[in-house]
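Structural description and commentary
Chain by chain, the residues run as shown.
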Amino acid sequence: MTLSRQLVIDEAMRLVDAEGLDALSLRRLASRLHVQAPTLYWHVRNKAELLDALADAIMDDVLAAIPALEAGEEWREWLSTAVSELRRAMLAHPDGARIISAARDSLRRADFSERAMATLVAQGVELQRARMTVLAVERFTVGHVLEEEALDRGGDGKGVDPDELMRRLPTATRAIVEYFAAGRTADDVYRDGVRLILGLPPLL
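So, a few notes on the structure that sits alongside this text. Residues take numbers from 1 onward in each chain, read along the sequence in its written order. Residues qualify for local features only when their pLDDT is at least 70, as the model is predicted, and side-chain atom pairs are given and counted only at 80 or more; totals for whole chains, interfaces and linings, by contrast, use all residues. Only heavy atoms go into the side-chain values, all of them from the structure, while hydrogens and water stay out.

**A look at the side chain of Arg191**
Threshold: Helix and strand definitions follow DSSP, with helices as H or I runs of at least four residues and strands as E runs of at least two, each counted in order from the N terminus. Each residue's exposure class comes from its accessible area (1.4 Å probe, protein chains only) as a fraction of the maximum for that residue type: buried when under 20%, exposed when over 50%, partly exposed otherwise. When checking whether two residues touch, look at their non-hydrogen atoms; a contact exists if any pair is within 4.5 Å.
Within the element layout of this structure, Arg191 appears in helix H11 (residues 186-198). For Arg191, a relative accessible area of 16% translates into the label buried. Apart from the residues lying within four places of it in its own chain, the contact partners of Arg191 are Leu203 and Leu204.

Okay, structure coming up:
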């Protein structure tokens with residue numbers, strides 16, 4: 001099998017998905033591909049370029065999944081859907097948000113922002129409001145998924161004493177209990193956060 005840039009990127013993603021981003025190194029990747037590490041330099045110059053390529057792959061998934069704004073559709077609802085696709089694509093990989101936030105020279109995330117802003121401007125949203133709105137929900141989404149990833153790595157929280165939480169954080173604990181008692185899920189926490197930023201009512 002002839003080594004190609006795409007094969008290098010695909011195997012790097014499999015490595016990260018299986019063992020986490022911290023396990024990624026060009027030496028480790030070369031071993032999985034049964035080549036010498038210097039061979040990889042024909043396809044990626046360094047680890048930073050490889051991270052950008054992984055981010056590109058995730059963002060390509062996002063960009064392909066975002067639907068066009070339909071006639072009569074409210075732009076806030078469309079943007080909520082768009083950033084939900086961003087979250088979905090990052091969560092498809094255990095360290096997806098870390099990959100996206102670590103990318104430095106990839107323009108795919110900028111392509112997402114451009115498409116979102118252009119869509120809002122086309123709907124009559126003032127340019128700077130469009131920019132700040134997209135920036136707010138995009139950064140909220142990446143930060144939210146970073147926390148979700150950290151929770152996945154850090155355990156299930158069963159070591160926390162509920163009585164101590166109620167004593168120390170009575171308002172927050174009551175709010176959390178009431179929120180989830182209505183049948184909401186962790187996905188709803190994200191969704192309602194985005195809708196709050198956009199000035200939309202919660203769906204439940």
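That was the structure; now back to the text.
**Topic: the packing of aromatic side chains**
Quick note on the threshold: Two aromatic rings, drawn from Phe, Tyr or Trp (for Trp, its six-membered ring), form a pair once their centres lie within 6.5 Å of each other, and the interplanar angle then sorts them: stacked below 30 degrees, edge-to-face above 60, tilted otherwise. Comment: the charge-over-ring label is applied if NZ (Lys) or CZ (Arg) is within 6 Å of the ring centre and within 35 degrees of the ring normal.
Applying the stated criterion across every chain, the model contains 2 aromatic pairs. Considering the side-chain rings of Phe140 and Tyr190, the 5.9 Å spacing of their centres and the 15° angle between planes classify their relative orientation as stacked. Of this pair, Phe140 sits in helix H8 (residues 127-154) while Tyr190 sits in helix H11, and the two are 50 residues apart along the sequence. Take Phe140: its relative accessible area is 26%, and that puts it in the partly exposed class. Judged by centre distance (5.2 Å) and plane angle (85°), the rings of Tyr179 and Phe180 are edge-to-face. What makes Phe180 partly exposed here is its relative accessible area of 37%. Sitting over the ring of Tyr179, Arg184 keeps its end group 4.5 Å from the ring centre.

**Quick look at the packing of helix H5 (residues 75-91) against helix H7 (residues 108-122)**
Condition: For helices, the fitted line uses only the C-alpha atoms of the stretch in contact; every axis is such a line through C-alpha atoms, and the angle between N-to-C directions lies from 0 to 180 degrees. Each angle gets one of four labels, with under 35 degrees taken as roughly parallel, over 145 as roughly antiparallel, 65 to 115 as roughly perpendicular, and the rest as oblique. Throughout, the ten residues Ala, Val, Leu, Ile, Met, Phe, Trp, Tyr, Cys and Pro are labelled nonpolar, Asp, Glu, Lys and Arg are labelled charged, and all others, Gly among them, are labelled polar.
Taken N-terminus to C-terminus, the directions of H5 and H7 make an angle of 170°; their axes are 10 Å apart at the nearest point. Our classification of the angle between H5 and H7 gives roughly antiparallel. Contact with H5, carried on its side by Trp75, Trp78, Leu79, Ala82, Val83 and Leu86, involves Phe112, Arg115, Ala116, Thr119 and Leu120 of H7 and no other residues of that element. Its residues assigned to classes, the contact of H5 with H7 comprises 9 nonpolar, 1 polar and 1 charged.

**So, the nonpolar core**
Put simply, the rule is: Put simply, a nonpolar core is a bunch of buried Ala, Val, Leu, Ile, Met, Phe, Trp, Tyr and Cys residues held in one set by side-chain atoms that sit within 4.5 Å of each other.
Grouped together as the largest cluster of nonpolar side chains are 52 residues, with contacts concentrated most on Leu24, Leu54, Leu79 and Phe112. Per-element tally for this core: the top contributor is helix H4 (residues 47-65), with 9 residues. With sequence-adjacent residues up to four places away left out, Phe112 is seen in contact with Met59, Val62, Leu63, Ile66, Ala82, Val83, Leu86 and Glu138.

**Some points on the environment of Ile197**
Relative to the assigned elements, Ile197 resides in helix H11. Given a relative accessible area of 39%, Ile197 falls into the partly exposed group. Sequence separation of Ile197 and Thr133 is 64 residues, and the distance between their C-alpha atoms is 8.2 Å. Not counting chain neighbours up to four residues away, the residues in contact with Ile197 comprise Ala136, Val137 and Phe140.

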